[in-house]
Amino acid sequence: METFTFNTTEIILLTGLSALCVIQLIYYFGLYNRIHRRNIACKKGEVHFSNELLPLSVIICARNESENLRRYLPSILEQDYPNFEVIVINDGSTDESTEVLSAFEEKYPHLYHSFTPESARYISRKKLALTLGIKASKHDWLVFTEANCQPESDQWLRLMARNFTPHTEIVLGYNGYERGKGWKHRYISFDSLFNSLRYLGLALAGNPYMGIGRNLAYRKELFFAKKGYSTHLNLQRGEDDLFVNQIANTNNTRVETDANSVVRMRAIERHKDWKEEKISYLATSSYFRGMQRYLLGFETVSRLLFYATFLTTMVFILLHPHYLVMGIALFLFLIRYMVQAIVVNKTATDMRDNRHYYLTLPLFDLLQPLKSLQLRLYRLYRGKGDFMRR
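Let us look at the structure shown here. Computed from a predicted structure; not experimentally measured.

Brief notes about the overall build of the chain
And step 1. Broken down by element type, the chain carries 13 helices and 10 strands.
And step 2. Computed over C-alpha atoms, the radius of gyration of the chain comes to 23 Å, within 12% of the 21 Å expected from 2.2 N^0.38 for 390 residues, which places it in the range of a compact globule.
And step 3. Principal axes of the C-alpha set define a box for the chain whose edges measure 85 × 50 × 40 Å.
And step 4. Here the chain, with 390 residues, has 55% of them falling under the buried criterion.
And step 5. Within the chain, residue pairs in contact and separated by at least 24 positions form 84% of the contacts whose partners lie at least 6 positions apart.
And step 6. Per element, the accessible surface of the chain, about 18200 Å² overall, is 59% carbon and sulfur.
And step 7. Here the chain carries 49 positive and 38 negative side-chain charges, and the mean point of each set is 5 Å from the other.

Dropping the structure here:
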């Protein structure tokens, strides 16, 4: 009978581990599984879409992106859509971007390009470029992507536009990375997938809080009604995540999750580029309004505490062997892992990420918040000035 008797320390450890496991399961079933559930609902015809393909403008900001423009721009210009224009703002490029765009304009009459004044100093250059593109656009619906991105198919614009219902003002799309080789690319792809589970999951739950400019649409009328980027002109970035945070609400935001609507970003070749991208996000995330970032922060804390409590329990068992306690702890760890693996990998399959996470899942799951903490400390070391307008 001693096998079924627990001392005070064992009770505390198992109670804590059980509670943390339940919290984690609630997040996975209630939030992180929403992209997969949305795709199932779409297949069953349970989601209402607009049948009208409204005219739209695709806006791209490019700075020294001649190689990417040659490689990716045709996939945007050749979208299967009846009425659209593509506007590329050349942001002070010193490479062959102007020549590339001029050559494309001869072939594609719906492509237009302009440039930002080199003397511009009172707004971040990317925000200025996007504002110029928005002002030059002919249509009310604006779709944003980046020069190093490629739509998964020629149905991208059609799938985004089916969400342009009368009450919709913002459409959030899924974005990921092209497949790269090596551990670094696998981790970056996981990080991107998990962030999508979070911000798209919250939007599908009726609590949108951010968007990413690689696959994003909103109304031109809304942009000017909210005075554009005027509330965060002092920041270098924030033209997508922070702007959406300020304008999105339960009633005006929809999410497109069809695999053919995915936009792929070129695989990052230098770790430094991904690091700068993450730090830029951290610099703007502190300005987010709403409770969403606290809800996600609570999940992160409960995740770290789950691992810490599990490891503490295992160490305690090594010092004070009790196989029933070890069995319960391993069972709770396995339950969470199985649920996590199913949700993450089903979503990855739905979105054609071409990766699966099984053996690396616990490692990446633990590494992600630790890496974010490291980058936050690095940002504090660099100071805020690096992320202000120049």
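Re the nonpolar core
Soluble, globular proteins show a tendency: their nonpolar side chains are buried together.
And step 1. One finds Y32, L56, V58, L73, V86, V88 and Y218 to be the most contacted residues of the largest nonpolar core, which totals 95 residues.
And step 2. The element that contributes the greatest number of residues to this core is helix α7 (residues 183–204), accounting for 10 residues.
And step 3. Setting aside residues up to four positions removed in sequence, V86 forms contacts with V58, I60, L73, I76, L77, H110, L111 and Y112.
And step 4. In this structure, L13, L14, F316 and V325 belong to the second largest nonpolar core, which totals five residues.

So, unusual backbone geometry
And step 1. Not every positive phi belongs to a glycine, and N64 is a case in point at roughly 55 degrees.
And step 2. On the basis of relative accessible area, N64 is assigned to the partly exposed category, the value being 36%.
And step 3. Even without being a glycine, R352 presents a positive backbone phi close to 55 degrees.
And step 4. Taking relative accessible area as the criterion, R352 reaches 36% and is therefore assigned partly exposed.

Observations regarding helix α3 (residues 66–77)
An α-helix turns once per 3.6 residues; consequently, residues spaced three or four apart project the same way.
And step 1. With 12 residues, α3 should cover 16 Å at 1.5 Å per step; its first-to-last C-alpha distance of 16 Å lies within 8% of that length.
And step 2. Most of α3 is tucked away: nine of the 12 residues are buried.
And step 3. Buried within α3 are the following residues: S66, N68, L69, Y72, L73, P74, S75, I76 and L77.

A closer look at the state of the cysteines
And step 1. For the coordinates displayed, the defined rule picks out zero disulfides.
And step 2. Its sulfur unpaired, C61 is 12 Å from the next cysteine sulfur, which belongs to C149.

Focus: the packing of α7 against helix α10 (residues 271–285)
And step 1. Packing of α7 against α10 leaves a shortest axis separation of 12 Å and a crossing angle of 20 degrees. One element, α7, and the other, α10, form an angle in the roughly parallel class. Helix-helix and strand crossings are classified by hand; for α7 and α10 the assignment is left-handed. Counting all contacts with α7, which are made through K184, Y187, I188, D191 and N195, the residues of α10 involved are H271, W274 and K278.
And step 2. A breakdown of the residues in the contact of α7 with α10 according to their chemical character gives three nonpolar, two polar and three charged.

What to know about the sheet that holds strand β10 (residues 263–265)
Within a sheet, each strand pairs with its neighbour through backbone hydrogen bonds, oriented either parallel or antiparallel.
And step 1. Taken in spatial order, the three strands make up an open sheet running β5-β10-β7, and their pairing is mixed. Each of the sheet's edge strands pairs with one partner strand only, and the pair in question is β5 (149–151) and β7 (175–177). Neighbouring strand axes in the sheet, compared pairwise and without regard to direction, differ in orientation by 30 degrees on average.
And step 2. In the sheet, β5 pairs with β10 via three bridges, with the strands oriented antiparallel. Directly across from C149, in β10, lies its bridge partner M265.

Section: the sheet that holds strand β8 (residues 216–219)
And step 1. In spatial order, the strands read β3-β2-β1-β4-β8-β6-β9; together these seven strands make up an open sheet with mixed pairing. For this open sheet the edge positions go to β3 (111–115) and β9 (253–256), each flanked by a neighbour on one side alone. With strand direction ignored, the average angle separating the axes of adjacent strands in the sheet is 20 degrees.
And step 2. Judged from the four bridges that link them, strand β6 (residues 170–173) and β9 form a sheet pairing that is parallel. For V171, the partnering residue across the bridge sits in β9 and is R254.
And step 3. Where helix α4 (residues 97–107) meets the sheet, its contacts fall on β2 (84–90) and β3, and the angle it forms with β3 comes to roughly 155 degrees.

Each value, and the rule that gives it
Residues numbered from 1 in each chain as written. Predicted model: local features only at pLDDT ≥ 70, side-chain atom pairs only at ≥ 80, totals over all residues. Heavy atoms only, no water. Helix = DSSP H or I, 4+ residues; strand = E, 2+ residues; numbered from the N terminus. Rg over C-alpha atoms; globule rule 2.2 N^0.38 Å. Buried < 20%, exposed > 50% of the residue type's maximum accessible area, 1.4 Å probe, protein only. Contact = heavy atoms within 4.5 Å. Areas by Shrake-Rupley, 256 points an atom, 1.4 Å probe, with all protein chains shown as cover. Lys, Arg positive; Asp, Glu negative; His and termini not counted. Charge placed at Lys NZ, Arg CZ, Asp CG, Glu CD. Core = buried A, V, L, I, M, F, W, Y, C linked by side-chain atoms within 4.5 Å. Expected span 1.5 Å × (residues − 1). Disulfide = S-S within 2.5 Å. Axes fitted to C-alpha atoms, helices over the stretch in contact; angles between N-to-C directions. Parallel < 35°, antiparallel > 145°, perpendicular 65-115°, else oblique. Left-handed = near helix turned anticlockwise from the far one by under 90°. Nonpolar A, V, L, I, M, F, W, Y, C, P; charged D, E, K, R; others polar. Pairing = 2+ DSSP bridges.

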